[in-house]
Amino acid sequence: QVQPVESGGGLVQAGGSLRLSCVASERTFSSYAGWFRQAPGKEREFVAAINWSDGSTYYGDSVKARFTISRDNKNTVYLQMNSLKPEDTAVYYCAGHGAGYIYHSTSWSYWGQGTQVTVST
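Residues numbered from 1 in each chain as written. Predicted model: local features only at pLDDT ≥ 70, side-chain atom pairs only at ≥ 80, totals over all residues. Heavy atoms only, no water.

J.: Sorry if this is basic, but what is going on with the pairing of strand β3 (residues 18-23) here?
T.: Looking along a regular strand, one sees side chains alternate from face to face of the sheet. Relative to β3, strand β1 (residues 5-7) runs antiparallel, the two being bridged by three bridges. Across the sheet, residue Glu6 finds its bridge partner in β3, namely Cys22. Where β3 and strand β8 (residues 76-81) come together, six bridges link them in antiparallel fashion. Residue pairing across strands places Arg19 opposite Gln80, the latter belonging to β8. (Pairing = 2+ DSSP bridges. Helix = DSSP H or I, 4+ residues; strand = E, 2+ residues; numbered from the N terminus.)

See the structure below:
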């Protein structure tokens with residue numbers, strides 16, 4: 001399947017952890033796989049990306065040292081989220097890169113339907 005499919009969202013208390021998973025075709029993740037999030041009334045925000053070839057990782061400032069992106073050899077990308085905060089509440093989208101600056105959502109061509117993550121106080 002070309003379009004990514006996410007799983008693993010849910011409700012968690014502040015300080016807790018969740019792991020998101022996303023599976024797609026080899027074509028979808030041919031360069032980078034990434035995660036974005038969007039909270040109500042806000043723009044879509046870059047969370048993390050991984051270079052599919054060499055494993056290099058990139059993170060948004062708000063999640064550095066708390067979130068970890070990884071991949072396996074079955075076209076699956078993961079987002080391990082630790083020390084979650086209420087401000088992490090958002091719909092999280094998995095994406096496959098198209099072309100251009102990876103921190104911009106417009107550079108990504110393939111998008112999943114999103115999975116809701118809610119962090120309670």
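J.: How do you make sense of the packing of aromatic side chains when you look at a structure like this?
T.: Centre distance and the angle of the planes are the two values used to describe a pair of aromatic rings. Under the counting rule described, the total for this entry stands at eight aromatic pairs. Ring centres 5.6 Å apart and planes at 80° place the aromatic pair Phe36 and Phe46 in the edge-to-face group. Of this pair, Phe36 sits in strand β4 (residues 32-38) while Phe46 sits in strand β5 (residues 45-51), placing them 10 residues apart in sequence. The interplanar angle of 50° and the centroid separation of 5.1 Å between the aromatic rings of Tyr101 and Tyr103 together place this pair among those described as tilted. (Phe/Tyr/Trp six-rings, centres within 6.5 Å; stacked < 30°, edge-to-face > 60°.)

J.: Would you mind showing me how to read the sheet that holds strand β7 (residues 67-71) here?
T.: Through backbone hydrogen bonds, the strands of a sheet pair up, either in parallel or in antiparallel fashion. In spatial order, the strands read β1-β3-β8-β7; together these four strands make up an open sheet with antiparallel pairing. Two strands lie at the open edges of the sheet, namely β1 and β7, each paired on one side alone. Neighbour to neighbour, the strand axes of the sheet diverge by 15° on average, direction disregarded. (Axes fitted to C-alpha atoms, helices over the stretch in contact; angles between N-to-C directions.)

J.: Quick question: what am I supposed to make of the nonpolar core here?
T.: It is characteristic of soluble globular proteins that their nonpolar side chains tend to be buried jointly. Membership of the largest hydrophobic core comes to 26 residues, with the highest contact counts inside it found for Trp35, Val77, Leu79, Met81 and Tyr92. At the level of secondary structure, the elements contributing two or more residues to this core comprise β3, β4, β5, β7, β8, β9 (90-97) and β11 (115-120). Not counting residues within four places of it along the chain, the set of residues in contact with Leu79 comprises Leu18, Arg19, Leu20, Trp35, Val47, Ala48, Phe67, Thr68, Ile69 and Tyr92. Grouped together as the second largest cluster of nonpolar side chains are nine residues, Ala49, Ile102, Trp108 and Trp111 included. (Core = buried A, V, L, I, M, F, W, Y, C linked by side-chain atoms within 4.5 Å. Buried < 20%, exposed > 50% of the residue type's maximum accessible area, 1.4 Å probe, protein only. Contact = heavy atoms within 4.5 Å.)

No statement about biological role is implied by the geometric values presented.
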